[in-house]
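# Residue-level structure breakdown
Now for the letters of each chain:
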Amino acid sequence: MTKRLTLLGLAAIFAMSPAFAQGPKPKSQKEVDALMAIQNAKDPDTRLKAIDDLLTKFADTDYKDMVLDMAVETARQKNDATQIGIWADRALLSNPKDFVAMLAIAETTAAGIKEFDLNLKDEAAKVEKSANGALAVIKDAPKPQPQITDEQWADAKKDYTSEAYQALGIASMNQKKYPDAITQFKSSLAAAAHPDPATYVRLGEAYAQTKDYDSAIAAFDKAVAVPDVNPQVKQVAENLKADAAKRKAAQAGGTGGTGPAAPKP
């Protein structure tokens, strides 16, 4: 998410340069100032306000879809489900094929699913619609800015694809559909240009729930082995690996117990 947000932010600055004359362009110095206010925002709330100000004052800005996506990612950075929904809806109203917004809706909805929710069917259907809609669009999505190289865009599309499968996996996991979750998490990892270690952790958890402890341990090992893995994710993976090893020993008639459940990443 942070890398995408940075890419979108840099794209706005670069597009102001004469070197990128084919890209979107501000129509006045005041619009340039409004764009720079977004770039210079020191915190998410300030950035969201600057984006709203730009869209209010310059409704015809060439940067509309770009900054709407930036707003979606900023709301995700805040982990604010309400703001994510508001900005994602605005983005899709502007561009019904906005897969960044679709992914945000899919992931936020999937994370909130509970097995006994009264609206479980509707929430699960919302995840599937949004994630599968994103997958359909990502495949042929054009580069958002000409300065992004073909290689960068190919990798970005792989990571976006990975996110869609991960959302589907989280929804399955939260419904305790563990075999389905395993399939989706494996698809997420296979699609990614930069595999997310947290996805390996989730895959390991799903395997552990099916009592396939060898596969669970292997997944946790892969999470730890990812370069520059977040220390918190690494610690969770190591804790869950130890728990899976205990469960495996108990399953085989050893002395290990199940122990307390480790926190999720």
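Notes on the structure follow. (Residues numbered from 1 in each chain as written. Predicted model: local features only at pLDDT ≥ 70, side-chain atom pairs only at ≥ 80, totals over all residues. Heavy atoms only, no water.)

Under the criterion given, the structure shown has twelve salt bridges. As a salt-bridge pair, Asp45 and Lys78 come within 2.6 Å of each other at their nearest N and O atoms. You can see Asp45 sitting in helix H3 (residues 44-57) and its partner Lys78 sitting in helix H4 (residues 64-78), a full 33 residues away along the chain. Take Lys78: its relative accessible area is 30%, and that puts it in the partly exposed class. The partner of Arg247 in a salt bridge is Asp243, and the shortest N-O contact between them spans 2.7 Å. With Arg247 and Asp243 both in helix H12 (residues 231-251) and four residues apart, this pair spans about one turn of that helix. Taking the relative accessible area as the measure of exposure, Arg247 reaches 27% and is therefore partly exposed. Judged by its relative accessible area of 11%, Asp243 falls in the buried class. (Salt bridge = Lys/Arg side-chain N within 4 Å of Asp/Glu carboxyl O. Helix = DSSP H or I, 4+ residues; strand = E, 2+ residues; numbered from the N terminus. Buried < 20%, exposed > 50% of the residue type's maximum accessible area, 1.4 Å probe, protein only.)

Let us now look at the side chain of Glu31. Along the chain, the position of Glu31 falls in helix H2 (residues 29-39). Buried and unpaired, Glu31 has no salt bridge, with Lys27 as the nearest side chain of opposite charge at 4.8 Å. At a separation of 2.6 Å, a polar atom in the side chain of Glu31 contacts the side chain of Thr61. Excluding residues that lie within four positions of it along the chain, Glu31 makes contacts with Lys25, Pro26, Leu54, Phe58, Thr61, Asp62 and Tyr63. (Lys, Arg positive; Asp, Glu negative; His and termini not counted. Polar contact = N/O pair within 3.5 Å; in protein donor to acceptor, adjacent residues only side chain to side chain. Contact = heavy atoms within 4.5 Å.)

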